[in-house]
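# Coordinates in review
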Amino acid sequence: MKEFYISDCSRQENQTITSLFVVAVKQVKSKKNGELYLSVILADRSGQLQANMWDNVQDTISAFDQDDFVKVKGVIHKYNGRWQLTIHKMRKLGESEIDYSDYLPKTSKDIDQLWHTLEGYVASFENPWLKALLHEFMSDEAIVTAYKNAPAAKTLHHAFVGGLLDHVVSLFTVCDLASRNYPQVNRDLLLSGAFLHDIGKLHELTYQRSISYTTEGQLLGHMIIELEMLHQKIARVPGFPPELKILLEHMIISHHGQYEFGSPKLPMFPEALMLHYMDDLDSKMESMRAQFEREAEFDSPWASYNPSLARPLLNTKKFLAKGLAASRIVETPKPAAAESVASVVPTEEISPAEEPNGNSPKADAPDAVPAAATVASEKPALSPLEALEQKFAAHKVTSKPS
Ligand SMILES: [Fe+2]
Ligand SMILES: [Fe+2]
């Protein structure tokens, strides 16, 4: 039973811990005096941790390999603002000591709820052929189980159990919103492409021990695999129009957007182009979100270099928080005045931009605070998605091209 998780580091600073991890990276390096030391990245379902073993490493070096599960005793400490573990003892675990669920990260969202959301979108399809096709996939028990559990990628984004479903529901949401802004886009076709674009990953990736490629995945890749899956399911929908079939095939093979990213064709119609950009956007947004979450403890607003995006990342939330903290030092704090200003502005006149500091032009408003208006200061701000939904609701397209 694993008691210490990597996300618990801040509660164990300078303490000796003993716990179980999977070895994500193993390197043997040399100190300045030529002696060898062991540098590893340990992982569990809560994150990753740099760990070094400085002394008496000779026996340990040959005792385990990368991807092995290990029991480690060592001291947690901070180095350059980041958590590290100095290893005292380390041994490889036996198969009976491994509980895989301790190591594979899993989506924090409710998987059944995500699936229900997906079903809701498909139920809203107007195109009977696409609706019937997706029902063929969504009533196949083996596919449903795999779709609910598969990661969306090995490392780049949504690399956790349930990641594919999480990614596709997010993609459905942004594609649905974007299609309302572009009437030339066939929403049902776009969402069908979103459902299918990575479905080959059910067979491309294996994720029992750690996330890695299957032989089928290595040799064929998910686009070829999903073409075959598509053909199998289309065969179960008699009379499926060949025009829709070729559009879906093109969306599958072009969704990486560029030849050098494995697409043999560039996206050549609006739904294919939009699928590519939305897929790219969603994977990059998730890659950034996950990195900020992993590095939540860092003091600096600058996160580590992100290898998949090939750039360092700025955490704007931390950056702005630090700026506001600095500005509070030079400003004269006026908490009472600020409260009363927020309270007298009618609900619909409070914009999110005005709420944080209360410096609205109505600063000379009377001190009397009407009871009903007080509620205005407590109105929760709209999430960006809610704001977008409100905006698009006004432009809702009721008739779509078929
Ligand atoms: Fe893909
Ligand atoms: Fe994707």
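Residues numbered from 1 in each chain as written. Chains lettered and ligands numbered in written order. Predicted model: local features only at pLDDT ≥ 70, side-chain atom pairs only at ≥ 80, totals over all residues.

The next subject is helix α2 (residues 111-123). Each α-helix winds once per 3.6 residues, and so residues spaced three or four apart point in a common direction. Compared with an ideal rise of 1.5 Å per residue, which puts 13 residues at 18 Å, α2 spans 18 Å between its outermost C-alpha atoms and is within 8% of the ideal. Buried residues along α2 sit in contact with α5 (163-181) and α6 (187-196). (Helix = DSSP H or I, 4+ residues; strand = E, 2+ residues; numbered from the N terminus. Expected span 1.5 Å × (residues − 1). Contact = placed C-beta atoms within 7 Å.)

Here α5 crosses helix α10 (residues 270-294) at 130 degrees, and the two axes come no closer than 10 Å. Taken together, α5 and α10 sit at an angle that is classed as oblique. Between α5 and α10 lies a crossing whose hand is right-handed. Contacts from His167, Ser170, Leu171, Val174, Cys175 and Ala178 in α5 reach Met274, Met278, Asp279, Asp282 and Glu286 in α10. Partitioned by chemical class, the residues of the contact of α5 with α10 number six nonpolar, two polar and three charged. (Axes fitted to C-alpha atoms, helices over the stretch in contact; angles between N-to-C directions. Parallel < 35°, antiparallel > 145°, perpendicular 65-115°, else oblique. Left-handed = near helix turned anticlockwise from the far one by under 90°. Nonpolar A, V, L, I, M, F, W, Y, C, P; charged D, E, K, R; others polar.)

Along the chain, Lys148 falls in helix α4 (residues 141-149). Owing to 17 C-beta atoms within 10 Å, Lys148 belongs among the partly exposed residues under this scheme. Separated by 18 residues in the primary sequence, Lys148 and Asp166 have C-alpha atoms spaced 8.8 Å apart. The contacts of Lys148, once residues within four sequence positions are left out, are Ile111, Trp115, Gly162 and Leu165. (Buried ≥ 20, exposed ≤ 12 C-beta atoms within 10 Å, placed from the backbone.)

Before going further, it helps to spend a moment on α6. α6 sits mainly inside the fold: 10 of its 10 residues count as buried. For α6, every residue scored as buried is listed here: Arg187, Asp188, Leu189, Leu190, Leu191, Ser192, Gly193, Ala194, Phe195 and Leu196. The inward-facing, buried residues of α6 contact α2, α3 (128-138), α5, α8 (215-234), α9 (242-254) and α10.

Residues Val168, Phe172, Cys175, Leu190, Leu191, Ala194 and Leu275 are the most contacted members of the largest nonpolar core, which totals 37 residues. Elements represented by at least two residues in this core include exactly α2, α3, α5, α6, α8, α9 and α10. With residues up to four places along the chain from it excluded, the contact list for Cys175 reads Leu190, Leu191, Ala194, Met274 and Met278. Core analysis: the next-biggest nonpolar cluster, separate from the first, contains 19 residues, Leu20, Val70, Leu85 and Ile87 among them. (Core = buried A, V, L, I, M, F, W, Y, C linked by C-beta atoms within 7 Å.)

What follows concerns unusual backbone geometry. Here Asn14, not a glycine, exhibits a phi torsion of approximately 60 degrees, which is positive. Inspection of the secondary structure puts Asn14 in the segment before β1 (16-30). Here Asp67, not a glycine, exhibits a phi torsion of approximately 80 degrees, which is positive. Structurally, Asp67 can be placed in the loop between α1 (58-61) and β4 (69-79).

Strand pairing in a sheet relies on backbone hydrogen bonds. The paired strands run either parallel or antiparallel. The five strands lie next to each other as β1-β2-β3-β5-β4, forming a closed barrel whose pairing is mixed. In this sheet, neighbouring strand axes are inclined to one another by 50 degrees on average, regardless of whether the strands run parallel or antiparallel. The pairing of strand β3 (residues 47-53) with strand β5 (residues 82-92) spans three bridges and is parallel. Counted as the bridge partner of Ala51 is Leu85 from β5. (Pairing = 2+ DSSP bridges.)

This paragraph deals with the pairing of β5. Here β4 pairs with β5 via 10 bridges, running antiparallel. Opposite Tyr79, over in β5, you have Arg82 as the bridge partner. Linking β4 back to β5 in an antiparallel pair, the connection comprises two residues, with Asn80 at a positive phi of about 50 degrees.

Moving on to the pairing of strand β8 (residues 302-306). Looking at chain direction, β8 and strand β9 (residues 311-314) are connected through three bridges and run antiparallel. Across the sheet, the residue bridging to Asn306 is Arg311, located in β9. Hairpin connection from β8 to β9: four residues lie between these consecutive antiparallel strands, with Ala310 at a positive phi of about 60 degrees.

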